[in-house]
Amino acid sequence: MKKHRALRRYIKQGILFTLALLFAFTIRVTANEIEEPAAIEPVWRENMIADRVPTRRVNHITLRGVFPNVLPSFGETYAEINESISLAATDLIDGALRLRARTITFSYDVHDTVYNETEIVSIVMYASVAAVTTRIAVRTINFNAATGELLTLACVMGENFAPLPMRILTEWTRENPEHFYSAINAPLSAFYITDTQLVFLFDEFQISTEAGRPGQLGMNLDNIIRLNPIPPDQYRILANIYNLKMVPIRPIMEQLGFDAVWEQRQARVMIWWDRYSRGDDSLMMEINVNVNRYGWRGVPARALEAPPMIDTVNGRVLIPITFFDQIMPRTTYYVDENGYLHFLAYMPMR
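What counts as what
Residues numbered from 1 in each chain as written. Predicted model: local features only at pLDDT ≥ 70, side-chain atom pairs only at ≥ 80, totals over all residues. Heavy atoms only, no water. Helix = DSSP H or I, 4+ residues; strand = E, 2+ residues; numbered from the N terminus. Buried < 20%, exposed > 50% of the residue type's maximum accessible area, 1.4 Å probe, protein only. Contact = heavy atoms within 4.5 Å. Areas by Shrake-Rupley, 256 points an atom, 1.4 Å probe, with all protein chains shown as cover. Phe/Tyr/Trp six-rings, centres within 6.5 Å; stacked < 30°, edge-to-face > 60°. Core = buried A, V, L, I, M, F, W, Y, C linked by side-chain atoms within 4.5 Å. Pairing = 2+ DSSP bridges. Axes fitted to C-alpha atoms, helices over the stretch in contact; angles between N-to-C directions. Expected span 1.5 Å × (residues − 1).

S.K.: Teacher, can you tell me more about the overall build of the chain here?
M.R.: In terms of regular secondary structure, the chain is built from 6 helices and 22 strands. With 350 residues in all, the chain has 40% of them scored as buried. Taking all contacts inside the chain whose residues are at least 6 apart in sequence as the whole, residues at least 24 apart take part in 51%. Looking at the chain as shown, the accessible area adds up to about 20,100 Å², and 53% of this sits on carbon and sulfur atoms.

Next comes the structure, spelled out in structure tokens:
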């Protein structure tokens, strides 16, 4: 009898061990499937586009050079893309007419890359407009290589994150006033994507004071950071201060590449430029609980809209979300329909 019981026990243990192995294998396979998304097979090829010679004259303007023509071999949407190219050319010609130009010389480049698991083709059209002076104008057409869908900046970055490049452009021109005009009226409609950069282009003299070249702003794709969404139970809303959102500072700052350290005795958060150097030179700021201000490395202390507080439920220090508007203009955020808080930031390598 004892031998039978022992045998049944061993069999039972063997079955449980086998099931555990199968479960672990399933989890591992599932994890591998999540970590390794299917590779994107390129669709676009160089032979899908050809040169198109423009009409010789429009009113008093002589047209020269070439602009692109997407061939039917691309797919059913080639006609729609070509219509967009024609509209861009018409827009360039209209601008030249307003300048009373004598000639326009067209040229173009094509860029093809994979971004956010989508193959994007960008056609950059240039027009050298000869009037009293010669200046360069630029337009771009971006589309999904798999579907032919035309893409705007909102399609690429997300509708709620499209303002981020304008913040960076404004900061960029403010820091270099000797080279660039104000960015207030500069559009962000002309852009293209490479393997490493999101590049914005501007007509000559639109933001650039340098003759003979259009203005250009390049954002390194590796420096565009999408933070993990913050669920509604991880932040607080102060109804008495126009529903001000109080967000956890440590997870946000750490995802941005900073090092945030909680000091219990002083009831403050110390933020360093990175976790590998915590000397006086690398201290960025300190934030004290219940103190309605912050210090920013050499900048006089400024007031917050509400004092930092401790979230006793989650054990985190919360700060007003407007802190990022005040001190980190390269960060933008929005709340989705489910209450999740999304952040996007552009953080140059330090």
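S.K.: Is there a simple way to explain the packing of aromatic side chains in this structure?
M.R.: Note on aromatic pairs: each is described by the distance of the centres and the angle between the planes. Summed over all chains, the structure comprises 9 aromatic pairs. Taken together, a centroid distance of 5.4 Å and an interplanar angle of 45° make the contact between Tyr333 and Phe343 tilted. Here Tyr333, found in strand β21 (residues 331-335), pairs with Phe343, found in strand β22 (residues 341-346); they are 10 residues apart in sequence, far enough to count as distant. You can call Phe343 buried: its relative accessible area is 2%. Of the aromatic side chains, those joined through ring pairs into one cluster are Phe323, Phe324, Tyr333 and Phe343.

S.K.: What exactly am I supposed to notice about the nonpolar core here?
M.R.: Here is a general trend for soluble globular proteins: nonpolar side chains tend to be buried in one another's company. Counting residues in hydrophobic clusters, the biggest one holds 35 residues, and the most contacted among them are Met253, Leu256, Ile271, Phe323 and Phe324. Among the elements of the structure, β13 (244-248), α5 (249-255), β15 (268-272), β16 (283-288), β20 (316-320), α6 (323-327) and β22 are those that each provide at least two residues to this core. What Phe324 contacts, discounting residues up to four positions off in sequence, is Val247, Ile252, Met253, Ile319, Pro329, Thr331 and Phe343. Counting 29 residues, the second largest nonpolar core, distinct from the first, contains Ala89, Met125, Val129 and Ala131.

S.K.: Teacher, can you tell me more about the sheet that holds strand β10 (residues 215-220) here?
M.R.: Hydrogen bonding along the main chain pairs the strands of a sheet, whether they run parallel or antiparallel. Read across the sheet, 3 strands follow the order β8-β9-β10 without closing on themselves; strand pairing throughout is antiparallel. Of all the strands in the sheet, just β8 (191-193) and β10 have a single pairing partner and so form its edges. Direction aside, the axes of adjacent strands within the sheet are offset by 20° on average. Examined bridge by bridge, β8 and strand β9 (residues 197-202) share 3 bridges and lie antiparallel to one another. Each residue of the ladder has a partner; that of Ile193, found in β9, is Leu198. Relative to the sheet, helix α4 (residues 163-175) contacts β9 and β10, its axis offset from that of β10 by approximately 120°.

S.K.: So what exactly am I meant to see when it comes to the pairing of strand β6 (residues 118-130) here?
M.R.: On any regular strand, side chains alternate: one points to one face of the sheet, the next to the other face. Across the 13 residues of β6, 11 count as buried, placing the element largely inside the fold. In this structure, strand β5 (residues 103-115) lies alongside β6, joined through 13 bridges in antiparallel fashion. Along β6, the bridge assignment pairs Thr105 with Ser128. Two successive antiparallel strands, β5 and β6, enclose a turn made up of 2 residues, where Asn116 displays a positive phi of approximately 50°. Alignment of β6 against strand β7 (residues 134-144), held across 11 bridges, turns out to be antiparallel. Looking at β7, one finds that Tyr126 is bridged to Val138.

S.K.: Hey, could you run me through α4 in this one?
M.R.: For an α-helix the count is 3.6 residues per turn, leaving residues at separations of three or four pointing the same way. If you check α4, its first and last C-alpha atoms are 19 Å apart, about what 13 residues at 1.5 Å a residue would give, namely 18 Å. Looking at α4, one finds that the buried residues are Leu164, Pro165, Ile168, Leu169, Glu171 and Thr173.

S.K.: Hey, could you run me through helix α2 (residues 78-98) in this one?
M.R.: In a regular helix each residue adds 1.5 Å, so 21 residues correspond to 30 Å; α2 covers 31 Å between its end C-alpha atoms and thus fits that length. Those residues of α2 that sit buried are Ile81, Asn82, Ser84, Ile85, Ala88, Ala89, Leu92, Ile93, Gly95 and Ala96. A positive phi of about 55° marks Arg100, the residue just after α2.

S.K.: How should the environment of Pro72 be read in this particular structure?
M.R.: By the secondary structure assignment, Pro72 is in the loop between β4 (67-70) and α2. Counting along the chain gives 23 residues from Pro72 to Ile49, while the straight-line C-alpha distance between them is 9.1 Å.

In short, the description is geometric, and any link to function would need to be established separately.
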